[in-house]
Amino acid sequence: QETLILTDTSLYSMRFVGPPFTFSFALVSNNVSTLSTNTIASVGDKVFWMDLENFYAYTGRLQTLPCTVLRYVFDDINLEQTTKFFAAPNRLFDEIFFFYVSSDAVEIDRYVKFNYTEGTWDIGTLSRTAWVDAGIHPRPRGAGIVSDNSYVFIHENGDSDDGSTMNSYIESSDFDLQDGNNFMFVSKIIPDIAITGTDAEVSYTLKTRDFPREAAVTEATTSVLATTKKADVRCRGRTGILRISSDSITTAWTLGETRLDLRPDGRR
């Protein structure tokens, strides 16, 4: 019912009023723009885009998207290459990729991704130069360059890396063990994960920190099968980092909410 117009400084809404060619224009917001003409993506009745120092959504009204990785992105970005940046919707998983160039690169080497159903963000390294979402094709397709050769990749297809081992992982940011004020002892991990594949297993690795400025220490790694109810571990700290990974051609997994068994503990 409307067309959005982004200028260098403002967002306008254009609506058809009546024949033959009469339109009305309304200022939605000033002090908002877009980082590139291609860092805008629409999914259904939602529009998402990347601006300098922020991410936005329009759903009938303008919203600033709270971003947990905002400083990671905008503190390490090459703004001289913004014409190469682009947004890429992945409706199969309710996600929007924003591909961009890090400060030490001249071509796209990173992405930041927003799940608009869960309101969560994640980051990664991936070189893509163009994208077509699922629709004409059953799976999304992305163009990229590997070892000076150009390819079109079919995404979200199968459980291997084009027939080779898929090294996949997800790692959390730092989280407090209880409230983070006291040392806590972790004795069990209760996984919430669906695993499929022949003899499939994933690894759970728990890293801890005693103090925020200390380096994270890997204290526990355990294997989890589809039938695993709990995994016994021994580690302590104030904050934790959880990494779930697999290294297989056939393994696929979907992660839920992991639980930890905690109790107060001293430093020794």
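Residues numbered from 1 in each chain as written. Predicted model: local features only at pLDDT ≥ 70, side-chain atom pairs only at ≥ 80, totals over all residues. Heavy atoms only, no water.

(A) How the structure looks around the overall build of the protein chain. Scanning the protein chain from N- to C-terminus turns up 1 helix and 24 strands. C-alpha extents for the protein chain along the principal axes are approximately 75 × 45 × 35 Å. Counting over 268 residues, the protein chain shows a buried share of 39%. Residue pairs in contact within the protein chain that sit at least 24 positions apart in sequence constitute 52% of those at least 6 positions apart. (Helix = DSSP H or I, 4+ residues; strand = E, 2+ residues; numbered from the N terminus. Buried < 20%, exposed > 50% of the residue type's maximum accessible area, 1.4 Å probe, protein only. Contact = heavy atoms within 4.5 Å.)

(B) Spatial organisation of the packing of aromatic side chains. In this structure the tally under the stated criterion is 17 aromatic pairs. For the ring pair Phe-55 and Phe-74, a centre distance of 5.6 Å and an interplane angle of 50 degrees mean the geometry is tilted. Of this pair, Phe-55 sits in strand 6 (residues 54-58) while Phe-74 sits in helix 1 (residues 70-74); the two residues are 19 residues apart in sequence, bridging distant segments of the chain. Exposure class is identical for Phe-55 and Phe-74. Each is buried. (Phe/Tyr/Trp six-rings, centres within 6.5 Å; stacked < 30°, edge-to-face > 60°.)

(C) Structural view of the layout of surface pockets. Considered as a void within the structure, the second largest pocket measures approximately 150 Å³ in volume. Lining the second largest pocket are Gln-1, Glu-2, Thr-3, Leu-4, Ser-42, Gly-44, Asp-45, Lys-46, Val-47, Tyr-58, Thr-59 and Gly-60. Every element with two or more residues in the lining of the second largest pocket is listed here: strand 1 (3-6) and strand 5 (46-51). Grouping the amino acids of the lining of the second largest pocket by side-chain chemistry returns 3 nonpolar, 6 polar and 3 charged. (1 Å grid on protein atoms, 1.4 Å probe; cavity = no way out; pocket = protein on both sides within 12 Å on 5 of 7 lines; lining within 4 Å. Points joined across faces, edges and corners; volume = space filled by probe spheres on them. Nonpolar A, V, L, I, M, F, W, Y, C, P; charged D, E, K, R; others polar.)

(D) Structural context of the pattern of salt bridges. In this structure the tally under the stated criterion is 16 salt bridges. We note a salt bridge from Asp-133 to Arg-91, for which the minimum N-O separation is 2.8 Å. In this pair, Asp-133 is assigned in the loop between strand 12 (130-132) and strand 13 (141-146) and Arg-91 in the loop between strand 8 (86-90) and strand 9 (95-100), connecting sequence segments 42 residues apart. By relative accessible area, Asp-133 is classed as buried at 10%. (Salt bridge = Lys/Arg side-chain N within 4 Å of Asp/Glu carboxyl O.)

(E) Seen up close, the sheet that holds strand 14 (residues 149-154). Taken in spatial order, the 3 strands line up as 12-13-14 in an open sheet, and their pairing is antiparallel. Only two strands of the sheet have a single partner each, and these edge strands are strand 12 and strand 14. Across the sheet, the axes of successive neighbouring strands diverge by a mean angle of 25 degrees, strand direction being ignored. As defined by bridge partners, strand 12 adjoins strand 13 across 3 bridges and the pair is classed as antiparallel. (Pairing = 2+ DSSP bridges. Axes fitted to C-alpha atoms, helices over the stretch in contact; angles between N-to-C directions.)

(F) Looking closely at unusual backbone geometry. Residue Pro-20 is bonded to the preceding Pro-19 through a cis peptide linkage, with omega at 0 degrees. If you trace the backbone, Pro-20 turns up in the loop between strand 2 (10-18) and strand 3 (22-30). Its identity is not glycine, yet Asp-148 carries a phi of approximately 70 degrees, on the positive side. Turning to its location among the elements, Asp-148 is positioned in the loop between strand 13 and strand 14.

(G) Focus on the sheet that holds strand 4 (residues 40-43). Ordered by their spatial adjacency, 4 strands build an open sheet running 4-5-6-7, and the pairing between neighbours is antiparallel. With one partner strand each, in any of the chains shown, strand 4 and strand 7 (62-64) form the two edges of the open sheet. Taken over all neighbouring pairs, the strand axes of this sheet differ in orientation by 20 degrees on average, direction set aside. Two strands pair when backbone bridges link them, and strand 5 and strand 6 are joined in this way by 5 bridges, in the antiparallel orientation. The residue bridging Asp-51 from the neighbouring strand is Asn-54, located in strand 6.

(H) Local environment of the environment of Val-112. Checked against the element boundaries, Val-112 lands in strand 10 (residues 110-115). Using a relative accessible area of 0% as the deciding quantity, one classes Val-112 as buried. Beyond its immediate chain neighbours, meaning those up to four positions away, Val-112 contacts Phe-55, Val-69, Val-73, Ile-96, Phe-97, Phe-98, Tyr-100, Trp-121, Asp-122 and Ile-123.

(I) Highlighting a nonpolar patch on the surface. Judged by side-chain polarity, Phe-16, Phe-21, Phe-23 and Phe-25 come together as a nonpolar surface patch covering roughly 510 Å² of accessible area. If you trace the backbone, Phe-23 turns up in strand 3. (Patch = residues over 30% accessible without salt bridge, like charges linked within 9 Å, V, L, I, M, F, W, Y side chains within 5 Å. Areas by Shrake-Rupley, 256 points an atom, 1.4 Å probe, with all protein chains shown as cover.)

(J) Expanded view of the side chain of Thr-34. Tracing the chain through its elements places Thr-34 in the loop between strand 3 and strand 4. On the accessibility criterion, Thr-34 (19% relative accessible area) is buried. Within the structure, Thr-34 has its side chain in polar contact with the backbone oxygen of Ser-36 (distance 2.9 Å). Side-chain polar atoms of Thr-34 contact the backbone oxygen of Met-50, separated by 3.5 Å. What Thr-34 contacts, discounting residues up to four positions off in sequence, is Leu-6, Thr-39, Ile-40, Trp-49, Met-50 and Asp-51. (Polar contact = N/O pair within 3.5 Å; in protein donor to acceptor, adjacent residues only side chain to side chain.)

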